[in-house]
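Examining the three-dimensional arrangement
Listed below are the residues making up each chain.
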Amino acid sequence: MVRLLRVLFWILIGRPLVLVVLGLNVRNHQGLPKHGPAIVVANHNSHLDTFVLMSLFPLRLLGRLRPVAAADYFLKNPLLAWFTLNITNMIPIERSRPGKLNRDADPLQESAAALKAGDVLLVFPEGTRGETEALAKFKGGVARLKEQFPDVPVIPIYMQGLGRVMPRGEIALVPVVVDVFVGDPVPWVGHRPAFTQAMEQAVVALKAQAPNRAWR
Amino acid sequence: MSNLPIIDLDMAPNVAIAIIAIYVLLVVASLFTWSLAKRRPERDYTELRQRVRTWWVIVTLFAVAIALKPIFAISLLGFVSFLAFKEYITLIPTRRADHRVLFLAYLTIPIQYYWVADGWYGMFIVFIPVYAFLLLPARMVLIGETDGFIRAAGTLHWGLMTTVFSLSHTAFLLALPQSGNPVAGGDGLLLYLLLLTQLNDVAQYVWGKSFGKHKVVPKVSPKKTVEGLFGGIATTAVVAVIAAPFLTPLTRWEALAAGLLIGAAGFIGDISVSAVKRDLGIKDSGNILPGHGGILDRVDSLTFTAPLFFHFVYYLHY
């Protein structure tokens, strides 16, 4: 039942919203993983980022797509929690807060299990939507997963335009065509901080390809 | 609302014949590009063949919309305005402070096409040039961001005027009373305008490719030549005179004038969008139409020909 609802939601609302109301201009579409397990890392500006990433893949992979998102934000309201857990198939993750970190639980446990099952993780390593069209420093979770699963490809993506569609704090949706740049897999470099940095640089390099659309 | 089915039972035979003729043209174009690719396998004709294939889709969408009740064709044209305006907004720099103004600007599209469907000419003709022109800057100034105000208000209005106001004239042809064009009605006028505008683009391209030597506006569009321009206008004028008795109420001399008007205005519309793209430093306005680029690249000429042709016919026959 939930699976049916999920497929109906994406066919009737999710995809028409992304593909018709907004519109995508994807560069290097063939660079996307064809199957799981894989990790896709992208910049984050808007709640619609997840919708765009999920629309990049064929419908047959829908059941495999697992956006990783903040538990403290998405689980605080029961309706939102139901939607994100069932319709977007989200993996909730505890954002570590200084002093509040629960040292017994591994926040990446569910993500690791999903990779073992062959899912495609969609991760925003900035950890927050942040300032419109500006990249924040990447967090280290993906590097931990890569260390554990060195054979799982990590694909960088840069999206431009979503900050204009629905910036933080706005509810009106303004249609703008979204540019999506898919990069080459980021190779494991032996240790975590260097990998996180390589991942961030890969997204920055994709950003440099993006057309310069002045924004003030 | 009438209780007839959605099929437009009043479709004039001339309109049906014109649609069949356009399909014959498409078959010829497909065969031509196919044989070209066969005869010269060393050259890449992918873009040309994609372009023809996209034409099949566009023509079929319009043929179906015209065969249904006018509201379907009006909605389709409204959707074209939406896509064109969206491309324009994507390409131009906008201000963070104007987020809600842009949302309001999008709202003018369904409203403008509602006036068309309602046949309310007085409102249709002033809504964007007067009300949107005053209200959007009013919203902007109340938000209070003065940095870049005049540029933001100016670029936004230019986009609404071209992609919404101008293009909606195509749809208002369908709302004109049938009595003004007994041979083919609004459908006939719309087909006549679309056919001549697109034919003019192709004719200017072909004449330019074959005989082009002297550049017209090298700074805006280096490939446009005097030979292409005049060859295209002449071709359009000839077809305008031939097609007029089947699709329009225009006399022979009026049709000649309409053909010259569409030929010249189409050229200006084309290079205006080129100038916008050059100003912004981009090549295509988008990628929605394989082989053509964006919607703006396809309707560029129409933004100029639609209002001019509409008022030409409206003044003479309505």
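Everything below is about the structure shown above.
Residues numbered from 1 in each chain as written. Chains lettered and ligands numbered in written order. Predicted model: local features only at pLDDT ≥ 70, side-chain atom pairs only at ≥ 80, totals over all residues.

Before going further, it helps to examine the overall build of chain A. In terms of helices and strands, chain A carries 8 helices and 7 strands. Of all 216 residues assigned to chain A, the portion counted as buried reaches 38%. Once local pairs closer than 6 in sequence are excluded, the contacts in chain A between residues at least 24 apart make up 74%. (Helix = DSSP H or I, 4+ residues; strand = E, 2+ residues; numbered from the N terminus. Buried ≥ 20, exposed ≤ 12 C-beta atoms within 10 Å, placed from the backbone. Contact = placed C-beta atoms within 7 Å.)

The subject of this paragraph is helix H8 (residues 226-247) of chain B. Given a rise of 1.5 Å per residue, 22 residues ought to cover 32 Å, and the 30 Å separating the end C-alpha atoms of H8(B) matches this to within 8%. A maximum bend of about 30° is found in H8(B) at B:Val241, where proline B:Pro245 lies one to four positions downstream. (Expected span 1.5 Å × (residues − 1). Bend = angle between axes of the 7 residues up to and from the residue.)

A few words now on the nonpolar core. By size, the foremost hydrophobic cluster in this structure holds 133 residues, and its most contacted members are A:Ile39, A:Val40 and A:Val52. Element by element, the count of residues in this core is highest for helix H3 (residues 70-91) of chain B, at 11 residues. Apart from the residues lying within four places of it in its own chain, the contact partners of A:Val52 are A:Val18, A:Leu24, A:Met159, A:Leu162, A:Val178 and A:Val180. (Core = buried A, V, L, I, M, F, W, Y, C linked by C-beta atoms within 7 Å.)

What follows covers the interface of chain A and chain B. Taken together, the contact pairs 17 residues of chain A with 18 residues of chain B. Residue composition of the side of chain A that touches chain B, grouped by class: 9 nonpolar, 4 polar and 4 charged. (Nonpolar A, V, L, I, M, F, W, Y, C, P; charged D, E, K, R; others polar.)

Let's shift gears to unusual backbone geometry. Residue and element names in this part refer to chain A. Here the amide bond leading from Gly 36 into Pro 37 is cis, since omega sits at -5°, within 30 degrees of zero. For Pro 37, the location among the structural elements is in the loop between strand E1 (24-27) and strand E2 (38-42). Although it is not a glycine, Asn 28 sits at a positive phi angle of roughly 60°. With respect to the helices, strands and loops of the structure, Asn 28 is situated in the loop between E1 and E2. Backbone geometry at Asn 89 places phi at a positive 60°, although glycine is not the residue there. Mapped onto the fold, Asn 89 is located in the loop between helix H4 (78-87) and strand E4 (91-93). Given 20 C-beta atoms within a 10 Å radius, Asn 89 is considered buried.

Residue and element names in this part refer to chain A. Counting buried positions along E2 yields 5 of 5 residues, so the element is predominantly enclosed. Bridge analysis of E2 against strand E5 (residues 120-123) gives 4 bridges, and the strand direction is parallel. Note that in E5 the partner of Val 40 across the bridge is Leu 122. Direction of pairing for E2 relative to strand E6 (residues 154-160): parallel, over a ladder of 4 bridges. In the sheet register, Ile 39 faces E6, and the bridge partner there is Val 154. (Pairing = 2+ DSSP bridges.)

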